[in-house]
Amino acid sequence: MINGRTRLFGILGNPVAHSLSPALHNAAFKECRINAVYVPLAASDLEAALAGIKAFSFAGVSVTVPHKVAIMPLLDAIDPVAEKIGAVNTLVFKRKADGRLHCTGLNTDWIGANASLAEAIRLSGASALILGAGGAARAVAFGLQEAGVRVLIHNRSEDRGRKLATQLDCPYLTANELHDLRAEILVNATSVGMEPETDAIPLEADLLSNFQVVMDIVYAPVETRLLREAAARGCKTVPGTNMLLYQATAQWRLWLGEEAPVEVMRAALTEGLSRQQE
Ligand code: NDP
């Protein structure tokens, strides 16, 4: 029941109609009988949107495309890992003694990626090849470094890949150098394999046996060709839906200070994805 005491949460982006986050968070509120609602907040004027969010005393907000970078200068504080990644996807609000609402920006994409991989392998001391140099690759790469993983980067556009590797202070590998690499973890952080081009694969299938664990952050389809080929070669596989789910459960922890009902959120995600595919 929405009433005068309902706490407000939402997702700020443009567009946001496709987002599965409302389904995940609202299912969790219902399960835990929390008087709260999570709503879509589609806006292009970021300053006005943030002023409105503060004016209505939102308890927590997710941030998505295209605002993850542009919102950073408007915030009161930024978490150090989000600062390195250069993007925030979560806003946490705290009322200060002077009555002002203080807004901190964090990034839970890396927490979601680390949690997904940690279910498959011990992260500290492992090495990981990350394919990609876009926003998601940055989150995965800086996050894995936080967990003590030795990161290596490869990207289609070499300049962009080398730039990221320099920021991470880690090696960049050319396409030829990939042939000789052995590493515990492979992460596809490119959009290759995403619907509708589900036949595409971001790395030669024959090289997949050089890795123990293969994670694809693409989540539509849930089982990508990369994951199928990796499983056929004996690798442990981690679907992108896990990262999506665990970045949301990390937001819940930040906003509510308690563990999220993960299986309820997983079911809402699965249902939302299959509805989108119909
Ligand atoms: P960006 O546009 O920022 O980056 C895209 C990356 O994919 C770049 O490295 C780009 O290389 C590479 N790429 C695109 N097309 C090709 C191609 N044909 N061949 C080789 N490389 C290619 O996107 P994001 O980083 O934001 O997102 C990447 C993917 O991650 C998307 O599919 C998105 O849905 C998914 N994602 C999943 C999340 C999850 O929770 N599971 C969270 C966030 C994103 P180049 O630099 O050469 O252009």
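See above for the structure.
First, a word on scope: everything that follows refers to the structure included in this document. (Residues numbered from 1 in each chain as written. Predicted model: local features only at pLDDT ≥ 70, side-chain atom pairs only at ≥ 80, totals over all residues. Heavy atoms only, no water.)

**Considering the overall build of the protein**
Across its full length, the protein holds nine helices and eleven strands. In summary, the protein has a C-alpha radius of gyration of 19 Å against a globular reference of 19 Å for 278 residues, a match within 12%. When its C-alpha atoms are laid out on the principal axes, the protein stretches across 60 × 40 × 30 Å. Residues classed as buried in the protein amount to 52% of the 278 residues present. A separation of at least 24 residues holds for 65% of the contacts in the protein among residues at least 6 apart in sequence. (Helix = DSSP H or I, 4+ residues; strand = E, 2+ residues; numbered from the N terminus. Rg over C-alpha atoms; globule rule 2.2 N^0.38 Å. Buried < 20%, exposed > 50% of the residue type's maximum accessible area, 1.4 Å probe, protein only. Contact = heavy atoms within 4.5 Å.)

**Some words on the sheet that holds strand β7 (residues 127–131)**
Overall, parallel pairing links the five strands, which are arranged β8-β7-β9-β10-β11 in an open sheet. Across the chains shown, the open sheet's two edge strands, defined by having one partner strand only, are β8 (150–154) and β11 (236–238). Strand-to-strand twist of the sheet, defined as the mean angle between neighbouring strand axes without regard to direction, takes the value 20 degrees. By the bridge criterion, four bridges tie β7 to strand β9 (residues 183–188) in an arrangement that is parallel. Its bridge partner being in β9, Ala128 is matched across the sheet by Ile185. (Pairing = 2+ DSSP bridges. Axes fitted to C-alpha atoms, helices over the stretch in contact; angles between N-to-C directions.)

**Considering the packing of helix α5 (residues 135–146) against helix α6 (residues 158–168)**
Between two packed helices, both the angle of their axes relative to each other and the distance between the axes serve to describe the pair. Direction vectors running N to C along α5 and α6 enclose 25 degrees, while the axes themselves pass 11 Å from each other. It follows from the interaxial angle that α5 and α6 lie roughly parallel. In terms of crossing hand, the pair formed by α5 and α6 is right-handed. For the pair α5 and α6, the contacting residues are Arg138, Ala141, Phe142 and Gln145 in the first and Leu164, Gln167 and Leu168 in the second. Class assignment for the residues of the contact of α5 with α6 results in four nonpolar, two polar and one charged. (Parallel < 35°, antiparallel > 145°, perpendicular 65-115°, else oblique. Left-handed = near helix turned anticlockwise from the far one by under 90°. Nonpolar A, V, L, I, M, F, W, Y, C, P; charged D, E, K, R; others polar.)

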